[in-house]
Amino acid sequence: MKNVYMDYNATTPLHPAVAEGMKEDLSVYANASSMHEAGRRAMARVERARAQVVALVGAAADPERIVFTSGGSESNNTVFATMFHLGRRGGRRGIVTSSIEHPCVLNAAAWLRDEGFPVTFLPVDGDGKIDLDGLRAAVGPDTLLVSVMAANNEIGTIQDMRSIGAIAKAAGAYFHTDATQAVGKVPVDVEEWGADYLTLSCHKIYGPKGVGALYFRKGAPFEPLIRGGHQEHGHRAGTYNNLGILGFGTAASLAREELASYASHVGRLRARLRDGILAAIPKVRVNGHPVEVLPNTLNVSFPGAEGEAILLHLDLSGIRVSTGSACASGSLEPSHVLMATGVGPELAHGSIRFSLGRDSTDEDVDYVLSVLPPAIARLRSMSTVQA
Ligand SMILES: Cc1ncc(COP(=O)(O)O)c(C=O)c1O
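In terms of domain boundaries, the chain breaks down into domain 1 (4-12 + 259-382) and domain 2 (16-254). Centre-to-centre, using C-alpha coordinates, domain 1 lies 28 Å away from domain 2. In this complex, domain 1 contributes 26 residues to the contact, which on the side of domain 2 involves 27 residues. At the level of elements, α8 (242-280), β10 (297-301) and α10 (336-340) are the ones that each hand at least two residues to the side of domain 1 that touches domain 2. Partitioned by chemical class, the residues of the side of domain 1 that touches domain 2 number nine nonpolar, 14 polar and three charged.

And the structure:
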């Protein structure tokens, strides 16, 4: 049976060059904090990886701006924990975020709300875009943090980072963006965006799982989430994850080098998949912004068919996709992202995310286009809900 992976927003396989490098790096076992020669050599490799990661987000070449973490969730939580400590010391306490953030931001914001911080979850329009006037109205002299994701993991909509950063700055607030899904797919530039904090995760860019980073602007406040030793200049305690960090460095370099070819490759396949679905299946809705969208992400609603049933049908034919985000799967709740765009529970329940990647091929798209239309027709014929 064919095996077609179209769930790259959930995670990616290792880039072959990352896997090769990590095989060699298995021998870099010394504790990077050790003062002896082997430790110093390990630390030099960690610092090289840090420079590779900082280059990927367009930061001025100051590797001290990058703190390695265990992934996007930890990076996001570190920012919210920092705000918690700042807010408790007095002064500003307002948090403004969007209603379509990843659960690790939504739940961190909900934690602050429960701790008495005023938290605003901004609505989005039908394409998943934040209304900039709504943001301007939501920020004020009490706003401590504006946190808006650069690109959405479920529908791929890209936000206007430059304008959001400018609005946050004009209000005197810190600006954080969860760029986990944007990095390696579209250009990311902390200077251009005016970001004080930016979250990255390695396993979305063809590197290993369990490693990520938080960029923070020079002078931006920082409270460690994990206290202990002096690693990461006291910003994140714990023995260095040499292997993960070195893999991250290589993945970051490759993501930068391959960005243009990646985007045109997946963009072409996405257009073929979208057009093929629209031509072969009646009454479908493509979710997300029509233009400002990640080049690899295609989210489609199939009224009259259940998302989970479609997913299982495709899975039986060797096609791996998801309904909503991987983190929310297993939940019977309709996607909070699709609900925020106003599609309604029925369409939200009948939606599939196809996310393409560097290994996706025309044959993969052809195969999906041969399997999907009869599957939808069959499911619709069994459904009591009219398409
Ligand atoms: C937008 C977004 N933020 C954060 C995360 C969490 O990242 P990690 O799995 O590295 O904790 C994800 C992962 O799905 C994501 O898509």
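Before going further, it helps to examine the sheet that holds strand β5 (residues 143-147). With mixed pairing, seven strands are arranged side by side in an open sheet as β2-β8-β7-β6-β5-β3-β4. Either end of the sheet is taken by a strand with one partner, and the two such strands are β2 (66-69) and β4 (119-122). Direction aside, neighbouring strands of the sheet carry axes that sit 20° apart on average. With four bridges connecting them, strand β3 (residues 94-98) and β4 associate as parallel partners. Bridged to Ser98 within β4 is Leu122. Along the sheet face, helix α3 (residues 72-88) touches β2, β3, β5, β6 (174-178), β7 (197-201) and β8 (212-216) and points at about 40° away from the line of β8.

Quick look at the packing of α8 against helix α12 (residues 362-382) now. Contact pair α8 / α12: the axes reach a minimum separation of 10 Å and the direction vectors enclose 20°. The pairing of α8 with α12 is recorded here as roughly parallel in orientation. As for the relative orientation of α8 and α12, their crossing is right-handed in sense. Contacts between α8 and α12 involve Leu269, Arg272, Leu273, Gly276, Ile277 and Ala280 on the former and, on the latter, Asp362, Val365, Val368, Leu369, Leu372 and Pro373. For the contact of α8 with α12, the residue count by class is nine nonpolar, one polar and two charged.

Rules behind the numbers
- Residues numbered from 1 in each chain as written.
- Predicted model: local features only at pLDDT ≥ 70, side-chain atom pairs only at ≥ 80, totals over all residues.
- Domains from an automatic or database assignment.
- Contact = placed C-beta atoms within 7 Å.
- Helix = DSSP H or I, 4+ residues; strand = E, 2+ residues; numbered from the N terminus.
- Nonpolar A, V, L, I, M, F, W, Y, C, P; charged D, E, K, R; others polar.
- Pairing = 2+ DSSP bridges.
- Axes fitted to C-alpha atoms, helices over the stretch in contact; angles between N-to-C directions.
- Parallel < 35°, antiparallel > 145°, perpendicular 65-115°, else oblique.
- Left-handed = near helix turned anticlockwise from the far one by under 90°.

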